[in-house]
Amino acid sequence: MVVDDSVTVRKVTSRLLERQGINVAVAKDGIDAIEILQETIPDLILLDIEMPRMDGFEVATQVRHSKRLRQIPIIMITSRTGEKHRERALEIGVNDYMGKPFQESELLDRMQLLLGPKISLSHDV
């Protein structure tokens, strides 16, 4: 699942994942993400911090406090690369934290580490 208020980031990231054979749900902000999470449990969430209506910290907190969702790995991908934001994300229970813009191969590597045998990714992007 890709959660980002930027149409461009959602498109680029979801296309990258779809080329890997991954079904991708997209959400334009935190409220949208929480609504989608009522219906489905994704294998992984790629989450921006700064979004209208509900930010990524709030989404991650809700996911971590939900018995049904708490096991979902979360990678935060954000322009906020300062230590303060990284520490807050890790305290909430985010699994990984990446700055924007990200390298596609690095994102795929980090996803592979979190998902293990559940997913097979190629780097022929």
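Remember, predicted model here, so these are calculated numbers, not experimental data.

Q: How would you sum up the side chain of Thr 78? Please name residues and give values.
A: Relative to the helices and strands, Thr 78 is located in strand S4 (residues 74-78). Aside from chain neighbours lying at most four places away, what touches Thr 78 is Asp 48, Ile 49, Tyr 97, Met 98, Gly 99 and Lys 100.

Q: Please provide a residue-by-residue account of the pattern of salt bridges, values included.
A: Applying the stated rule across the entire model yields eight salt bridges. Its salt-bridge partner being Asp 29, residue Arg 53 comes within 2.7 Å of it at the nearest N-O pair. Of this pair, Arg 53 sits in the loop between strand S3 (45-47) and helix H3 (56-64) while Asp 29 sits in the loop between strand S2 (26-27) and helix H2 (30-39); the two residues are 24 residues apart in sequence, bridging distant segments of the chain. If you follow the salt bridges from partner to partner, you end up with Asp 4, Asp 48 and Lys 100 in one network.

Q: Could you give me a rundown of helix H5 (residues 104-115), with the residues and numbers involved?
A: The terminal C-alpha atoms of H5, which comprises 12 residues, lie 16 Å apart, in line with the 16 Å expected from a rise of 1.5 Å per residue. Along H5, the positions that sit buried rather than exposed are Leu 107, Leu 108, Met 111 and Leu 115. Here the buried residues of H5 occupy an arc of 95° about the axis, which is enough to place them on one side. Its buried side turned inward, H5 meets helix H1 (7-19), S3, S4 and strand S5 (96-99).

Q: Kindly report on the packing of H1 against H5, identifying the contributing residues and their values.
A: At a closest axis distance of 12 Å, the pairing of H1 and H5 adopts a crossing angle of 60°. Viewed along their axes, H1 and H5 adopt a mutual orientation that is oblique. The way H1 lies across H5 gives a crossing that is right-handed. Of H5, the residues touching H1 (which contributes Val 12, Thr 13, Leu 16, Leu 17 and Arg 19) are Glu 104, Leu 107, Leu 108 and Met 111. The class makeup of the residues in the contact of H1 with H5 is six nonpolar, one polar and two charged.

Q: A description of the nonpolar core should follow, citing residues and the corresponding values.
A: Ranked by internal contacts, the top residues of the largest apolar core, which has 23 residues, are Val 3, Leu 37, Ile 45, Leu 47 and Met 76. For this core, the secondary structure elements donating two or more residues are H2, S3, H3, S4 and helix H4 (83-92). Ranked by the residues each element gives to this core, the list is headed by H3, at four residues. If sequence neighbours within four positions are ignored, Val 3 has contacts with Ala 27, Asp 29, Gly 30, Ala 33, Ile 45, Leu 46, Leu 47, Asp 48 and Met 51.

So, how was this worked out
Per chain, residue numbering runs from 1 following the sequence as it is written. Local features are withheld for residues below a pLDDT of 70 in this predicted model, meaning they are given only at 70 or higher, and side-chain atom pairs are given and counted only at 80 or more; totals for whole chains, interfaces and linings count all residues. To obtain the side-chain values, all non-hydrogen atoms of the structure were used and water was disregarded. Only runs of H or I of at least four residues qualify as helices and only runs of E of at least two qualify as strands under DSSP, and these elements are numbered from the N terminus. Residue contacts are counted whenever heavy atoms from the two residues lie within 4.5 Å of one another. By convention in these notes, a salt bridge is any Lys or Arg side-chain nitrogen within 4 Å of a carboxyl oxygen on Asp or Glu. Each helix should span, by expectation, one fewer than its residue count multiplied by 1.5 Å. Note on classification: 1.4 Å probe, protein chains only; a residue is buried when its accessible area is under 20% of the maximum for its type, exposed when over 50%, partly exposed between these limits. In this description, the arc belongs to the directions extending from the helix axis to the C-beta atoms. Angular values range over 0 to 180 degrees, each being the angle between N-to-C directions of two axes fitted as lines to C-alpha atoms, with helices fitted over their stretch in contact. Here is the rule for angles: anything less than 35 degrees is roughly parallel, anything more than 145 is roughly antiparallel, 65 through 115 is roughly perpendicular, and the remaining ranges are oblique. Helix crossings fall into two classes, left-handed where the near helix is turned counterclockwise from the far one by less than a right angle and right-handed where it is turned clockwise. Three residue categories are used. Nonpolar comprises Ala, Val, Leu, Ile, Met, Phe, Trp, Tyr, Cys and Pro, charged comprises Asp, Glu, Lys and Arg, and polar comprises the others, including Gly. Only buried residues count toward a nonpolar core, which is a set of Ala, Val, Leu, Ile, Met, Phe, Trp, Tyr and Cys residues joined through side-chain atoms within 4.5 Å.

In short, shape yes, function no, at least from these values alone.
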